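A closer look at the structure
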Amino acid sequence: KANGFKTMCTPFDERSVSTIIEDEFDFLKIASCSCSDWTLLEAAVKTSLPIVASIGGASLKEVDNLISFFHNRKKDFVIQHCVGEYPTPTEKMNLNQIDFLKDRYSHVRFGFSTHENPEDTDLIKMAVAKGAESFERHVGIPTPEWPLNQYSSNLDQIRKWLEAARFALKACGEGSERYE
């Protein structure tokens, strides 16, 4: 938070939603596996926190229902394109799903939740170019007892990932109106 980053936490039960509020996180994250857990979703929408929801393994009907649920409750939310394979090989990223989702739900903001090799900085650039508006990356600090998994970034890798995102944002420039 001291460096301007927002914090996010994922509850897997209703009681954890209260803990996230008490711990003063900035966003509430709904994991792909919980995008049709209506009891959890009801607890989540009662908070004042904006919601970031990943839809990795969700069917189109589940995505329709989730977006309708948030929209009808006038909830501030972002839907994240995500692939539920950890780590995700490049050929399975399906970044064109961002285009599909934006076309289908023009009133919704979309992001990118990613689990690729932490050395890869190309995919974040592509997600930015496709119009993703939020980005999620697993970050960790390895210890002798607990090494990082294959999809979490160390501090140097996350720095490079963020620099790549910043580069892509700059290169993409203005897109909401005609540039003159």
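All figures in this text were calculated on a predicted structure; none of them were measured in a lab. (Residues numbered from 1 in each chain as written. Predicted model: local features only at pLDDT ≥ 70, side-chain atom pairs only at ≥ 80, totals over all residues. Heavy atoms only, no water.)

Taking 1.5 Å per residue as the helical rise, helix H3 (residues 60-72) with its 13 residues ought to reach 18 Å, and the 18 Å between its terminal C-alpha atoms agrees with that figure. Residues of H3 that are buried include every one of Val63, Leu66, Ile67, Phe69 and Phe70, and no others. For H3, the buried positions fall inside an angular range of 155 degrees around the axis, keeping them on one side. Exposed side chains of H3 directed beyond 90 degrees from the buried face belong to Lys61 and Asn72. For H3, the secondary structure elements touched by its buried residues are helix H2 (38-45), strand E3 (51-54), strand E4 (77-82), helix H4 (96-104) and strand E5 (110-114). Lys74 sits one or two residues past H3 and shows a positive phi near 50 degrees. (Helix = DSSP H or I, 4+ residues; strand = E, 2+ residues; numbered from the N terminus. Expected span 1.5 Å × (residues − 1). Buried < 20%, exposed > 50% of the residue type's maximum accessible area, 1.4 Å probe, protein only. Arc of directions from axis to C-beta. Contact = heavy atoms within 4.5 Å.)

Here the focus is unusual backbone geometry. The general pattern is negative phi for most residues beyond glycine and trans for most peptide bonds. The omega torsion of the bond from Tyr86 to Pro87 falls at -5 degrees, within 30 degrees of zero and hence cis. On the secondary structure map, Pro87 appears in the loop between E4 and H4. Here Lys74, not a glycine, exhibits a phi torsion of approximately 50 degrees, which is positive. Along the polypeptide, Lys74 turns up in the loop between H3 and E4. For Asn94, which is not a glycine, the phi torsion comes out positive at approximately 50 degrees. Mapped onto the fold, Asn94 is located in the loop between E4 and H4.

Another aspect to go through is the pattern of salt bridges. Following the criterion strictly, the structure yields 9 salt bridges and no others. Between Asp64 and Arg104 there is a salt bridge whose closest N-O contact spans 2.8 Å. Taken together, the residues span a long stretch of sequence, with Asp64 in helix H3 and Arg104 in helix H4 at a distance of 40 residues. When its relative accessible area of 24% is taken as the criterion, Asp64 is described as partly exposed. Classification of Arg104 as partly exposed rests on a relative accessible area of 40%. Close ionic contact of Lys160 with Asp156 constitutes a salt bridge, the shortest N to O distance being 3.2 Å. Placement of the pair is Lys160 and Asp156 together in helix H6 (residues 155-172), with a separation of 4 residues, close to one helical turn. (Salt bridge = Lys/Arg side-chain N within 4 Å of Asp/Glu carboxyl O.)

Right, let's get into the packing of aromatic side chains. For the structure shown, the criterion picks out 5 aromatic pairs. Ring geometry for Phe70 against Phe77: centres 5.0 Å apart, planes inclined by 40 degrees, an arrangement best described as tilted. Of the two residues, Phe70 and Phe77, neither departs from the other in class, the shared state being buried. Pairing Tyr86 with Tyr151 gives two aromatic rings, centres 4.8 Å apart and planes at 85 degrees, and the pair type is edge-to-face. Taken together, the positions of Tyr86 in the loop between E4 and H4 and Tyr151 in the loop between strand E6 (135-137) and H6 put the pair 65 residues apart, joining distant regions of the chain. Residue classification places Tyr86 among the partly exposed residues on the basis of a relative accessible area of 43%. On the accessibility criterion, Tyr151 (19% relative accessible area) is buried. An aromatic cluster is defined as three or more aromatic residues linked by ring pairs; in this entry it consists of Trp38, Phe69, Phe70 and Phe77. (Phe/Tyr/Trp six-rings, centres within 6.5 Å; stacked < 30°, edge-to-face > 60°.)

Judged by pairing direction, the sheet is parallel, and its 6 strands sit side by side in the order E1-E2-E3-E4-E5-E6 without closing on themselves. Because the sheet does not close on itself, it has two edges, and the strands there are strand E1 (8-9) and E6. As defined by bridge partners, E3 adjoins E4 across 4 bridges and the pair is classed as parallel. Opposite Ile51, over in E4, you have Phe77 as the bridge partner. (Pairing = 2+ DSSP bridges.)

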